[in-house]
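Observations on chain architecture
One-letter residues, chain by chain:
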Amino acid sequence: MTDTELGIALRTLVAYGLEAELLEQEDEIYVTNRLLELYKLDTLEEEAIAAPIPQGLVKEDGSVLEELLGKLLDEAFARGLMEDNTITHRDLFDTKIMSMLVPFPSEVIRKFKEAYAVSPEKATDYFYNLSRNTDYIRRYRIKKDQKWVTPTEYGDIDITINLSKPEKDPKAIAAARNAKQGGYPKCLLCPQNEGYAGRMNHPARQNHRIIPITVNGHAWGFQYSPYVYYNEHCIVFNTQHVPMKIEHDTFCKLLDFVSQFPHYFVGSNADLPIVGGSILSHDHFQGGHYEFAMAKAPVEKAVTFKGFEDVEAGIVKWPMSVIRIAHADKERIIALADVILNAWRGYTDEAAFVYAETDGEPHNTITPIARKRNGKFELDLVLRNNITTEEHPLGVYHPHAKLHHIKKENIGLIEVMGLAVLPARLKGEMEALADAILTGKDIRSDEVLEKHADWVEEFLPAYKNSDAGVTKDNIMEILHAEIGKVFSQVLEDAGVYKRTEEGQAAFGRFVEYVNQKL
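Here's a quick rundown of the structure. All values reported here derive from a predicted model rather than from experimental measurement.

So, the overall build of the chain
- Along its length, the chain carries 17 helices and 15 strands.
- The globule rule puts the C-alpha radius of gyration for 518 residues at 24 Å, and the 26 Å found for the chain is close to it.
- A principal-axis box enclosing the C-alpha atoms of the chain has dimensions of 80 × 60 × 45 Å.
- Within the chain, the proportion of its 518 residues that are buried is 54%.

Some details on the environment of Asp446
- Examined against the element boundaries, Asp446 turns out to sit in the loop between α14 (425-439) and α15 (453-464).
- By relative accessible area, which is 30% here, Asp446 ends up partly exposed.
- Remark: the alpha-carbon pair of Asp446 and Ala436, spanning 10 residues in sequence, is separated by 9.6 Å.

Details of the packing of helix α10 (residues 248-260) against helix α12 (residues 330-345)
- At a closest axis distance of 9 Å, the pairing of α10 and α12 adopts a crossing angle of 150°. The orientation of α10 relative to α12 falls into the category roughly antiparallel. Of the two elements, α10 crosses α12, and the hand of that crossing is right-handed. From α10, His248, Phe251, Cys252, Leu255, Asp256 and Ser259 reach across to α12, where they touch Lys330, Ile333, Ile334, Ala337, Asp338 and Leu341.

A word on the environment of Thr32
- If you trace the backbone, Thr32 turns up in helix α2 (residues 28-38).
- Here Thr32 falls in the buried class, since its relative accessible area comes to 10%.
- C-alpha separation for the pair Thr32 and Leu163, spaced 131 residues apart in sequence, amounts to 33 Å.
- Dropping the residues within four chain positions of it, Thr32 is found in contact with Val14 and Leu44.

Points about the pattern of salt bridges
- Following the criterion strictly, the structure yields 38 salt bridges and no others.
- Here Lys245 makes a salt bridge to Glu247, at a shortest N to O gap of 3.7 Å.
- Take Lys245: its relative accessible area is 48%, and that puts it in the partly exposed class.
- With a shortest N-O distance of 2.8 Å, Lys441 and Asp435 are connected by a salt bridge.
- One network of salt bridges, in which partners are shared, links Glu291, Arg324, Arg371, Arg373, Glu378 and Asp380.

A short note on the pairing of strand β2 (residues 155-161)
- With five of its seven residues buried, β2 lies for the most part within the structure.
- Strand direction decides the pairing type here: strand β1 (residues 146-152) and β2, joined by seven bridges, are antiparallel. Bridge pairing in β2 links Trp148 to Ile159.
- Between β1 and β2, which pair antiparallel one after the other, the connecting turn spans two residues.

Conventions we followed
Residues numbered from 1 in each chain as written. Predicted model: local features only at pLDDT ≥ 70, side-chain atom pairs only at ≥ 80, totals over all residues. Heavy atoms only, no water. Helix = DSSP H or I, 4+ residues; strand = E, 2+ residues; numbered from the N terminus. Rg over C-alpha atoms; globule rule 2.2 N^0.38 Å. Buried < 20%, exposed > 50% of the residue type's maximum accessible area, 1.4 Å probe, protein only. Axes fitted to C-alpha atoms, helices over the stretch in contact; angles between N-to-C directions. Parallel < 35°, antiparallel > 145°, perpendicular 65-115°, else oblique. Left-handed = near helix turned anticlockwise from the far one by under 90°. Contact = heavy atoms within 4.5 Å. Salt bridge = Lys/Arg side-chain N within 4 Å of Asp/Glu carboxyl O. Pairing = 2+ DSSP bridges.

This is the structure we're talking about:
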C-alpha cells in the first residue's frame, strides 16, 4: 500500500467515525492527524486529500469496518508497526486504531445521562450502538456464531455454538504464557480495563467505555459484553474487586437495577464453584433486553409462604428447580427471597440427596434473576447445589458424563435461563459427523467423533425409519434438534429436584421447611 492509499484508508476510517456518530465534524482533522501519527506518516498526500470517500460505511453486520481494519492491519504489519501478525497482535493493534475514534469517557457518560433523561431505553440504545460502532463488540465475529431454537416440553430453548472468540494460534499461546503476569487490571471486569492497551495475555480495551451507576447505594459500573450471547447482553459490576456473594444486598441490587432499567432483566451467577460462572472473584451481574425461555415458562404449581400471602409465589415449569415470586413492592419480595435463601443455605434432605454441607464445605446456593413484568417485580430463585461424588466428580447437579460430548462446562446464569453456549469444537465435529452419517462411516473408529457414537446410535434409527429419512438436506437440522434435546437433559441434570413425582414431592418438602422457618 502506498502512502497515498494508506492516507485514503485512514480518511475512510475517519468518515466511518463521522457516519457512526462517534465523531463530530470538528474532530475530523484532529483524528486524521492522530491516525497519521500512529502510522508514522508526516504528511497526508494531496491525492489522498482529493480522493472521494465512499458513503454507507456503517453496516449492521460491521462488514465494511471489518474489511477496512483488515487492510489497515496488513499495512501496519508490512510497515513494522506490529511485532507479529497473529490474531492476538492484530486485535491489540486494531483496538489501538479504533481508540482514536472513541469519545472520552466523560463525553459518553454525559450523552448517556442526557438520553436517560428522555427514557432508560433511549440511554441503553445510545450506549449499545456506541459499543458496536467502536468495534468493542465485533459484530463481524458475532455473526459467525451458529444459533438455532429447539422446541422442548419446557418451551423454545436457544442454542449457540460460540465462534466469536478467536482461536489463539500456538505462537500467541506461547507468548501469552511467557508474558509477565501483571496484576493490573486485576481481572477482566475491573474498571481499570477502560482504555487499557492490553498485552499478550490480556485483551486491549482502549475502545471500551463504562457507565457509572449507583446500585442500592453502591458504586457499580454498566457495560456490554463484547461477545453478546443475546440482545443487548450487558454486565453490571462492582467497581471494587470483591468476590461474588449471594446475600440480602444481592436481591436489593438486582431489583434496584431493574427499577432503573425496567426494560432489562438482570441476574447473578451463583457464588460457589461448579454452579457459579467463570469469574467468581469479581462481584457482577449479567442482564439485557431479551426474554429467555425460563422467563416465558409458566408457574405450574402455586405455593404460599406464611406471612407473605400477598406475594405471588410458585414453582416454575422448568428443568431446573425454580421458585418465582412477584409483588408490586420490591421490599416484599426481597424479604421473602432472604427467607428462602437462608432456609436453602442450611437445608439438608438426605432422601433427595440434598446436603447443605459436607466436611464443612457449603453446597447450597441460589442463582437469582430479576425483572419487571406487568407492573410487578419478579425474582426467579434457582436452587443450586455443588456436591460431588465418585460417580459424578464434576458435580451431581451438573451435566452428567454421557452428555459431556456436547456440554461439559459449568451451567451458569445464561444456561440456567435457557441459552446453551456450546464450545466452538462442535461446529467442525457436527460437520464431520453429518458426513460420517450420510456416507455410513464407522464413527467409533474416528478418534474425534467416537465420543458421539452412543448418542448417534440412540437417535438415528428413528429418523432412518421415518418418511423423511436422513438426507444431506435434513442432516444438520436433525443434529441441531438432537443437540437441543441434549441441552434440555443437561438442564435436567443440573436441576436439584427432578421432574418426577418423587422429585417434585421433595421440592414440596423444601417449601414446607421454609414455611416452618416463618
